[in-house]
There are 4 protein chains.
Amino acid sequence: MKTFSTRIAVRDYELDSQGIVNNANYLHYLELARHEFCQQAGYSFAQMAADGLDPVVRRAELDYIAPLRMGDVMEVELTMSRRGAKFLFNQAIFRAADHSPVLRAVITIACLEGGRISRGDRLAEKFADYLTDSEQ
Amino acid sequence: MKTFSTRIAVRDYELDSQGIVNNANYLHYLELARHEFCQQAGYSFAQMAADGLDPVVRRAELDYIAPLRMGDVMEVELTMSRRGAKFLFNQAIFRAADHSPVLRAVITIACLEGGRISRGDRLAEKFADYLTDSEQ
Amino acid sequence: MKTFSTRIAVRDYELDSQGIVNNANYLHYLELARHEFCQQAGYSFAQMAADGLDPVVRRAELDYIAPLRMGDVMEVELTMSRRGAKFLFNQAIFRAADHSPVLRAVITIACLEGGRISRGDRLAEKFADYLTDSEQ
Amino acid sequence: MKTFSTRIAVRDYELDSQGIVNNANYLHYLELARHEFCQQAGYSFAQMAADGLDPVVRRAELDYIAPLRMGDVMEVELTMSRRGAKFLFNQAIFRAADHSPVLRAVITIACLEGGRISRGDRLAEKFADYLTDSEQ
């Protein structure tokens, strides 16, 4: 299983009045990492849209371990697996400075084609090098 | 010149680490007020899109007078005027509790039709009851 | 178990390029509903902060059922329960127009006091009228 | 007058339903560039806060020239000048691919010390190498 990793710096406007990154922004970071992964894997979201594919988030499980703060840089790691018509992204965020865990997440994606749920075969083909079957 | 007014409550996630509403959110509030105004005036953004009209912001002038904080409710007032092919929204935000001034803004809008700048006549017709000519 | 319910209108800037509300915004809606619930229950976030209590999200499970679109109004329902030192919010979002389900979520909160995880007794006391013990 | 320049990539969640970057996000980009500039100039926002300095935006003038779209990378340039107790940031955003102009802005900052408007001398000292007097 190949692991993709990217670095993202916290932006000051992402902090809330408690001085920590607001919970909702982690969904942005996770999405950003997935989109960068897709682009690097050779099949960008823009290309998917052009091909009539529309990946949508079906489920998100987020475990918040420790908050990010002003000036922090994070590493976002992900692996991708398939379970039937669904694609699972196991994602983890670490603080880059000490690789301490910040958040763990499982994001489940389904793929629409022409507005209907597809079996995901076209997506699976494009990401064959990165996919493992999820046994569960 | 008719004045439109709407109330918006600050949401906690709009605060930044200084405990005040982040500057960028005021553009959201102003947009929200303009869209509510359009809807109430009988010509919503959804309808404009359906009609092939695409209003775009050309210029924004924002004077920040005092910050909004947690729990604040604001009043957003606006008047609309026309200057040639452009539409000007004079907008002001007040803290509802004491009507103290928070922000003044002038937002200049142009209207695309089929991707090209239009003279704005269709928009002007729809908002005729609210429009004054801007002399300047 | 008392159910709290509030209405929130989708704002146009919350839509993404697919024309649907971006996934991250649902965390904002859920937070907004929880904060309104706390205020109505008589113990606002501002008051908690003044009392040295700092509730933090530990886990979020979100099931996305159907997307919200431009012009939609949603109802956000919640119930609150306690499991040891943790507080669970069962939240559901419905489209107001037809009460069709949009999202279901379980948000787990822990409460810091002076920067350390507390047993949550002070919070439990304040919300005694709304709390059930979570058996699981 | 020294020009600072930084690169920022558009993130997909910053697009709105018209497929272009929402207007409010440009204030985020401009802020991000200013904060990076301050850090590189040797006096970060975190350090200012630690020193009791609190720079606040007083006025923003934004001219929107052309929209950024999915996949775009931008260059944000800025110069800094002083006009009495105020600091002016002249900022311009270009599309990196062809250096075509996207937005021009003038952001006016005042500096609070202990909650009161200061003459800005401490800030001016720190940024002496970058400052020109603004004649106007």
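As shown above, the structure is provided for reference.
Below or above, wherever it landed, is the structure these notes cover.

Calculation rules
- Residues numbered from 1 in each chain as written.
- Chains lettered and ligands numbered in written order.
- Predicted model: local features only at pLDDT ≥ 70, side-chain atom pairs only at ≥ 80, totals over all residues.
- Heavy atoms only, no water.
- Helix = DSSP H or I, 4+ residues; strand = E, 2+ residues; numbered from the N terminus.
- Rg over C-alpha atoms; globule rule 2.2 N^0.38 Å.
- Expected span 1.5 Å × (residues − 1).
- Buried < 20%, exposed > 50% of the residue type's maximum accessible area, 1.4 Å probe, protein only.
- Contact = heavy atoms within 4.5 Å.
- Buried area = accessible area lost by both parts, 1.4 Å probe.
- Polar contact = N/O pair within 3.5 Å; in protein donor to acceptor, adjacent residues only side chain to side chain.
- Nonpolar A, V, L, I, M, F, W, Y, C, P; charged D, E, K, R; others polar.
- Least-squares fit on C-alpha atoms with pLDDT ≥ 70 in both.
- Lys, Arg positive; Asp, Glu negative; His and termini not counted.
- Salt bridge = Lys/Arg side-chain N within 4 Å of Asp/Glu carboxyl O.
- 1 Å grid on protein atoms, 1.4 Å probe; cavity = no way out; pocket = protein on both sides within 12 Å on 5 of 7 lines; lining within 4 Å.
- Points joined across faces, edges and corners; volume = space filled by probe spheres on them.

1. Quick notes on the overall build of chain A
Okay, step 1: Helices and strands together make up the secondary structure of chain A, namely three helices and seven strands.
Okay, step 2: The linear arrangement of helices and strands in chain A, starting from the amino end, is β-α-α-β-β-β-β-β-α-β.
Okay, step 3: For chain A, the C-alpha radius of gyration of 15 Å lies close to 14 Å, the compact-globule estimate for 136 residues.
Okay, step 4: The principal-axis extent of the C-alpha atoms belonging to chain A is close to 45 × 25 × 25 Å.

2. Brief notes about helix 1 (residues 23-40) of chain A
Residue and element names in this part refer to chain A.
Okay, step 1: Taking 1.5 Å per residue as the helical rise, helix 1 with its 18 residues ought to reach 26 Å, and the 27 Å between its terminal C-alpha atoms agrees with that figure.
Okay, step 2: Across the 18 residues that make up helix 1, a large majority, 14, are buried.
Okay, step 3: Directly after helix 1, the chain includes G42, whose backbone phi takes a positive value near 100 degrees.

3. Regarding the interface of chain A and chain B
Okay, step 1: Each partner contributes to the interface: chain A provides seven residues, whereas chain B provides seven residues.
Okay, step 2: Summing the contributions of chain A and of chain B, the shared interface buries around 460 Å²; its carbon and sulfur component is 56%.
Okay, step 3: The largest per-residue losses of area from chain A upon contact with chain B belong to Y13(A), L15(A) and S17(A), which jointly make up 62% of the total buried on that side.
Okay, step 4: Applying the counting rule to chain A against chain B returns zero residue pairs in polar contact (both at pLDDT 80 or more).
Okay, step 5: Here the side of chain A that touches chain B is composed, by residue class, of three nonpolar, three polar and one charged.

4. Quick notes on the relation of the copies chain A and chain C
Okay, step 1: Mapping chain A onto chain C is achieved by rotating through 180 degrees and translating by 0.0 Å along the same axis, at an RMSD of 0.0 Å. In the structure described here, the two chain copies are related by an operation that fits a two-fold rotation axis. No C-alpha of chain A approaches the rotation axis more nearly than that of E61(A), which lies at 2.3 Å.
Okay, step 2: The residues that chain A uses at the interface reappear at the interface of chain C in 100% of cases, marking a shared surface.

5. Focus: the side chain of R34(B)
Residues and elements named next belong to chain B.
Okay, step 1: Within the secondary structure, R34 sits in helix 1 (residues 23-40).
Okay, step 2: The buried charged residue R34 lacks any salt bridge, with E31 as its nearest oppositely charged partner at 5.0 Å.
Okay, step 3: If we skip the residues at most four places from it in the chain, R34 touches V57, L78, F89, Q91, I107 and I109.

6. Re empty space enclosed by the protein
Okay, step 1: By the definition in use, this model includes five cavities of 30 Å³ or more.
Okay, step 2: When its volume is computed, the largest cavity comes out at roughly 610 Å³.
Okay, step 3: Lining the largest cavity are 28 residues; nearest its centre among them are H28(A), H28(B), H28(C), N25(D) and H28(D).
Okay, step 4: Counting only elements with at least two residues in the lining of the largest cavity, the list comes to helix 1 of chain A, helix 1 of chain B, helix 1 (23-40) of chain C together with helix 1 (23-40) of chain D.

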